[in-house]
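Coordinate inspection notes
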Amino acid sequence: MAANKKVLEFKKRREVVLTGGGEKAIQKQVAMGKMTARDRVLAILDQGSFNEYDLFVEHDARDFDMDKKTLHGDGVIIGTGTVNGRPICIFAQDFTVAGGSLGSAHARKITKIMDHSLKMRMPLIGINDSGGARIQEGVNSLAGYGEIFFRNTLASGVIPQISVILGPCAGGAVYSPALTDFVFVVDQISKMFITGPEVIKTVLGEEISMEDLGGARVHCEITGNAHFFAESEIECFEQIKKLLYFLPWSNSEKSNTQPTGLPDPKFDITEIIPEDPREPYDVRDVVRSLVDNSDFFEVQELWAQNIVIGFGKLAGETVGFVCNQPIVLAGVLDVDSSDKSARFIRFCDAFNIPIITLVDLPGYLPGVDQEHAGVIRHGAKLLYAYSEATVPKVTVILRKAYGGGYIAMNSRHLRADFVFAWPSAEIAVMGPEGAANIIFKREIAAAEDPEAMRLQKVEEYKEKFANPYVAASKGFIDSVIEPEETRKVIQHAIEVSSRKDISMPRKKHGIPPF
Amino acid sequence: MTIDKYTDFFIEETSYRTTLNEKFKNRKNWKKIDPKIIHSVIPGTIVDIFVNNGQLLKSGDPILILEAMKMRNVVCMPMDGTLKSVQVEKGQVIPKGFVLADIE
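How each quantity is defined
Throughout, residues of each chain are indexed from 1 in the direction in which the sequence is written. Lettering for chains starts from A, numbering for ligands starts from 1, and both go in the order in which the items are written. Residue-level local features of this predicted model are given only where pLDDT is at least 70; pairs of side-chain atoms are given and counted only at 80 or more, and the full residue set underlies all totals for whole chains, interfaces and linings. Side-chain metrics in this entry use all non-hydrogen atoms of the structure; hydrogen atoms and water are not considered. Labels follow the DSSP assignment, with helices taken as runs of H or I lasting at least four residues and strands as runs of E lasting at least two, numbered in each case from the N terminus. Only heavy atoms enter the contact rule, under which two residues are in contact if any of them lie within 4.5 Å. To measure how exposed things are, a 1.4 Å probe is used in the Shrake-Rupley method; for residues, cover is taken only from the protein chains shown. Definitions used throughout: a 1 Å grid over protein atoms alone; a cavity as a set of points that fits a 1.4 Å probe which cannot get out; a pocket as an open set with protein on both sides within 12 Å along at least five of seven lines; a lining residue as one with an atom within 4 Å of a point. Grid points are joined across faces, edges and corners, and a volume is the space filled by probe spheres set on the points. Charged means Asp, Glu, Lys or Arg here, nonpolar means Ala, Val, Leu, Ile, Met, Phe, Trp, Tyr, Cys or Pro, and polar covers whatever is left, Gly included. Throughout, buried area stands for the accessible area (probe radius 1.4 Å) lost by two parts on being put together, summed over both. Throughout this description, the term salt bridge denotes a Lys or Arg side-chain nitrogen within 4 Å of a carboxyl oxygen of Asp or Glu. Residues adjacent in sequence count toward polar contacts only when both atoms are side-chain atoms; beyond that, a polar contact is any pair of N or O atoms within 3.5 Å, and within protein one must be able to donate a hydrogen and the other to accept it. Here a strand pair is declared whenever DSSP counts at least two bridges between the two strands. Within 6.5 Å between ring centres, the rings of Phe, Tyr and Trp (the latter by its six-membered ring) count as paired, and their orientation is classed by plane angle as stacked under 30 degrees, edge-to-face over 60, tilted in between. To sort residues, take the accessible area from a 1.4 Å probe on protein chains only and compare it with the maximum for the residue type: under 20% means buried, over 50% means exposed, and anything in between is partly exposed.

With that out of the way, let us pick up the overall build of chain A. Regarding its fold elements, chain A presents 21 helices and 17 strands. Along the three orthogonal principal directions, the C-alpha set of chain A runs to about 105 × 55 × 45 Å. Across chain A, every contact between residues at least 6 apart in sequence was considered, and the portion connecting residues at least 24 apart equals 73%. About 22900 Å² of surface is accessible on chain A, with carbon and sulfur atoms providing 55% of the total.

The following block contains the structure:
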């Protein structure tokens, strides 16, 4: 039958294209410890859910003998599928085909699936594994990158965008991931940089390996460009699925409310925090004592660790946490921690995720390096992000909330909806020692025993101001609560805020201190 | 006995027990720049030297050429004075912030 013959021919054609760059190139990919693009897509998506498009797309480049070359799928796979049963758009660059280089057909495939994800309001996952621009296509490949960046920006804040770096991602190509919401990297596999080691060596004489310049660890620990670090691709894919579990599908939806369990009683909120405000504890344990199943999914775990950000569920609804972390730099705010938390707050705000802020900080990090690195303008990002956010905002002051840090950490004054404080909270312009030394400078200097006088004045100050009641008397905090009430109180606050509707002054957009 | 993993960290005269991150540990102490020491502002190669130690020079007199990123940068005297010493040689590849010369 004629139809059968055509089906057979189709199957033959498809089989050829599905081989990507061919057996040899695939072997090379595997030898580098990498999965193939197709295997990656299949590993992320629910079994049997992948539908591929543009399989037969071919480039139309003519120069440099390109007209004699066939590049299967033009080096990228695009399609739709489901993750945890919910629809998603995905593309994966195929390094086995011309090094995953980006030409105009390749870029058109990517922008096609990007347009779908924005139009259909579903998240986009982009797997980057590419040698960069396809030089033979010249300015066409530059145009391709530009079209992608533009769409990343257009979709920003509308649908969640996830970038996965599973190979090289260099030069201009890095800016697509940088424009997306979450970047996943894998140890020894991911490499991201603007100019590579060779250029750096010839131009500047500095020798550095790709790994040390832009490996997974560098971007998770030093630059903050990446959000999730994994030891293997499979671990990375699990992290992606976990993240998607917490996210709403677009800015017009709320997160999926799923039935979940109570926190694990082994995280006892009354036991975690030492009474002495100078003693450390891991604030993540406090979060675990609050969230469903004690399941806290931390974002940017390895960078700017003096602040902790991440997602959890509260009675099934996703909430975002922003918490000072006393075990690192006493939980101070600085350039990096302001950057990190401000961006997270804006993500939560864009995607209708209530923000819970746990406060325990002595203030800002002092130092010439901080001042010269622009802690003023970076710190301002945090104030901006909190002030601008219109999702339900709940603050719990656990212990210290001094000075500018108190204001910045979602205080009443930045329009927190609910501010609670534990009896151990100290809301003051600065710590007792510093304050007493300034206020009672004369008394201390004039005393027979200045040190004894100083200690006495510090105690007096502590007694009077190192508590939540001064702020409570002014209505800056709504209630003083017992630690064990915290989950219940936050949950109630989120529940009663569920119809929150406030309007901001009409504007094209604000001008955050980027 | 367990070793205390926390260190004392001072903020506004109060000591907190905490850990320090790598960035904080690796921060460089700020030093006032001595105008009498000439540093390289970019890494590169010394391709020419025009002056000798002990020479009396005027502000703006060329001292040497530092080639970096295919650009020949003329490094000049920032003030009138006697050149104490040139601390690099012709052909030497130097990093950023390297001492090129000092003035008496």
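Moving on to empty space enclosed by the protein. Residue and element names in this part refer to chain A. Applying the stated rule across the entire model yields two cavities of 30 Å³ or more. Size it by volume and the largest cavity reaches roughly 80 Å³. Listed by contribution, the elements that provide at least two residues to the lining of the largest cavity are strand 3 (86-93) and helix 5 (139-155). The element contributing the most residues to the lining of the largest cavity is helix 5, with three residues. Looking at side-chain class alone, the lining of the largest cavity contains six nonpolar, four polar and no charged residues.

Contacts between the two partners involve 28 residues from chain A, matched on the other side by 20 residues from chain B. Counting the surface lost from both chain A and chain B, the interface buries some 2100 Å², and carbon and sulfur atoms represent 59% of this. Among the salt bridges present, the one from Asp336 of chain A reaches Lys23 of chain B, with a minimum N-O distance of 2.8 Å. Inspection of the chain A/chain B interface yields 12 residue pairs in polar contact (both at pLDDT 80 or more). Going through the elements one at a time, helix 7 (197-204), helix 14 (368-372), strand 14 (393-402) and helix 17 (432-439) of chain A are the ones with two or more residues in the side of chain A that touches chain B.

Attention now goes to the sheet that holds strand 6 (residues 62-68) of chain B. All names here are of chain B. If you walk across this open sheet you meet the four strands as 7-6-4-9, and the pairing is antiparallel. A single partner strand is all that each edge strand has here, and the edge strands are strand 7 (71-76) and strand 9 (93-94). In terms of strand pairing, strand 4 (residues 44-49) meets strand 6 through four bridges, oriented antiparallel. Its bridge partner being in strand 6, Asp48 is matched across the sheet by Ile65.

As a further point, take the packing of aromatic side chains. Residues and elements named next belong to chain A. Evaluation of the coordinates by the stated rule reveals 17 aromatic pairs over all chains. Ring centres of Phe182 and Phe228 lie 6.1 Å apart, and the angle between their planes is 50°; on these two criteria the pair is classed as tilted. Placement of Phe182 in strand 7 (residues 182-186) and of Phe228 in strand 9 (residues 228-230) is noted, with a sequence separation of 46 residues between them. Each ring, one from Tyr461 and one from Phe465, has its centre 4.9 Å from the other, and the planes form 40°; the classification is tilted. Of this pair, Tyr461 and Phe465 are both found in helix 19 (residues 450-465), four residues apart, which corresponds to roughly one turn of the helix. Relative accessible area serves as the criterion here: at 7%, Tyr461 is assigned to the buried category.

By themselves these figures say nothing about function.
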